[in-house]
Amino acid sequence: MLIGTPKEIKVHEYRVGLTPAGVKELKAHGHQVLIQAGAGAGIGLYDEAYVAAGAEIVGTAQEIFARAEMVIKVKEPQPIECAMLRPGQVLYTYLHLAPDPDQTLALIASGCVAIAYETVTDARGGLPLLAPMSEVAGRMSIQAGAHAMEKAQGGNGVLLGGVPGVAPAEVLVIGGGVVGYNAARIAVGMGAHVTILDRSLPRLNYLDSLFDGRLNTIYSTVDALEYYTAQADLVIGAVLVPGAAAPKLVTRAHLRAMKPGAVVVDVAIDQGGCFETSRATTHQNPTYVEEGVVHYCVANMPGGVARTSTFALTNATMPFAVALADKGYRQAMLDDAHLREGLNVHAGKVTYKAVADALQLPYQPVMDALG
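What counts and how
Along each chain, residues carry numbers from 1 onward, in the same order as the chain's sequence is written. With pLDDT at 70 or above as the cut-off, local features in this predicted model cover only qualifying residues; side-chain atom pairs require 80 or more to be listed or tallied, and sums for whole chains, interfaces and linings still use all residues. Here the side-chain values reflect all heavy atoms present in the structure, with hydrogen atoms and water set aside. Only the six-membered ring of Trp is used, alongside the rings of Phe and Tyr, when aromatic pairs are assigned; centres must lie within 6.5 Å, and planes under 30 degrees apart are stacked while those over 60 apart are edge-to-face, with the rest tilted. The helix and strand labels rest on DSSP assignments: H or I over at least four residues marks a helix, E over at least two residues marks a strand, and numbering proceeds from the N terminus. Between buried and exposed lies partly exposed: a residue is buried under 20% and exposed over 50% of the maximum accessible area for its type, with that area taken using a 1.4 Å probe on protein chains only. We count a charge as sitting over a ring when the NZ of a lysine or the CZ of an arginine lies within 6 Å of the ring centre and within 35 degrees of the ring normal. Two strands are said to pair when DSSP picks up at least two bridges between them. Crossover handedness is defined here as right-handed if the route from the first strand over the helix to the second strand goes clockwise, with the strands pointing away from the viewer. Note on terminology: pairs of cysteine sulfur atoms within 2.5 Å are recorded as disulfides.

Description of the packing of aromatic side chains
The geometry of an aromatic ring pair is captured by two quantities: the separation of the ring centres and the angle between the planes. In total, this model carries four aromatic pairs according to the counting rule given. Ring geometry for Y92 versus Y117: centroids 4.7 Å apart, planes at 90°, classification edge-to-face. You can see Y92 sitting in strand β5 (residues 90–93) and its partner Y117 sitting in the loop between β6 (113–116) and α6 (131–148), a full 25 residues away along the chain. Judged by its relative accessible area of 0%, Y117 falls in the buried class. On the basis of an interplanar angle of 90° and a centroid distance of 4.9 Å, the ring pair of Y227 and Y228 is categorised as edge-to-face. By relative accessible area, which is 45% here, Y227 ends up partly exposed. Three or more aromatic residues joined by ring pairs make a cluster, and in this case those are Y92, Y94 and Y117. One residue, R279, lies across the ring of Y288, its end atom 3.7 Å from the ring centre.

Structure below.
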């Protein structure tokens, strides 16, 4: 198979869909790889390393999309990229379609085969291609939040861990999954007073045991959400409904009851965000203020540590990329029910139910699509 990786074009996005090691792996399986010139330069993966691994360097994204049978990216295709996709071409990347009708309609119109990293599953019910970036985003959320709490950034001037004689910050983490655990781990390590809300008692029990009582585990109710948001200096939104739009758990009324200069970090922004007042921001302009509360809603948060994120992501995506290339997408998906969950759009039809429901579009079951 002829596989291509273009340079990412989202603002301050330096991650890349294939590393030189990934190229070498695909070459070992008999495939050809095209890499756009400079695709990995921002994180020290230079064209020479890709050439040494066996890739062909091409000058433009247009050539990548025109020639490649499968395009491997990181972020969702931008409108100019969607316009270059063609019927039957495989797109393997993050998509986050539920809150993005424009991208969804563009993928439908292209006729491509769009496979979303974030909905591929594993035998334990996890999301193995989302998890590495969730780990990064969870850990980053605390350092981003701590910076935003500084007075010069519009925050309330509270030091996350406090100092002897002065209380630490109150940190609320909404959701105890991969993002929430990693956020709590960093916040506890920095000395903050941490509360985590979740609806799963087994998960709360697990987190309580894991942290050995160093954080509060609270069952999430309307009342608990109201109380703990009002107490918090920093709130991390770590809620995920796989493939679907994030629920708007924190309302404008909740924000009005928060401390002036408190900070919210919405890690769920890729799926539309879990704060009513959230809107996507960039690393260039990461924050804004609503109701006196600083909002950090960067949609590609792991892109801020692009080198770490690239290696973490490609470690997870590579086995599926090899399967898709070796077998072709149809056979690879027929052979692997977990990879099959990644198929979101196929030949003009939405094949992931949560996306179809969120956008009120017709749904075609994956097995019907693979026919």
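Past the structure itself, the notes keep going.
Looking at the pairing of strand β2 (residues 32–36)
Of all five residues that make up β2, four are buried, and the element is covered over most of its length. Pairing analysis gives four bridges linking strand β1 (residues 2–5) to β2, with the strands arranged parallel. Across the sheet, I3 pairs through a bridge with V33, a residue of β2. As for the winding sense of the linkage, the β-α-β connection from β1 through helix α1 (residues 20–28) to β2 is right-handed. Two strands pair when backbone bridges link them, and β2 and strand β3 (residues 56–58) are joined in this way by three bridges, in the parallel orientation. Paired with I35 across the two strands is I57, which belongs to β3.

Quick notes on the state of the cysteines
Two cysteines form a disulfide when their sulfur atoms are joined by a covalent bond. Here the structure, examined in full by the defined rule, presents zero disulfides. The closest cysteine sulfur to the non-disulfide-bonded C112 is located on C82, 7.6 Å from its own sulfur. Judged by relative accessible area, C112 falls into the buried class, the value being 0%. In this model C274 remains outside any disulfide bridge; the closest cysteine sulfur is found in C297, 9.0 Å from its own. Look at C274 and you get buried, because its relative accessible area is 0%.

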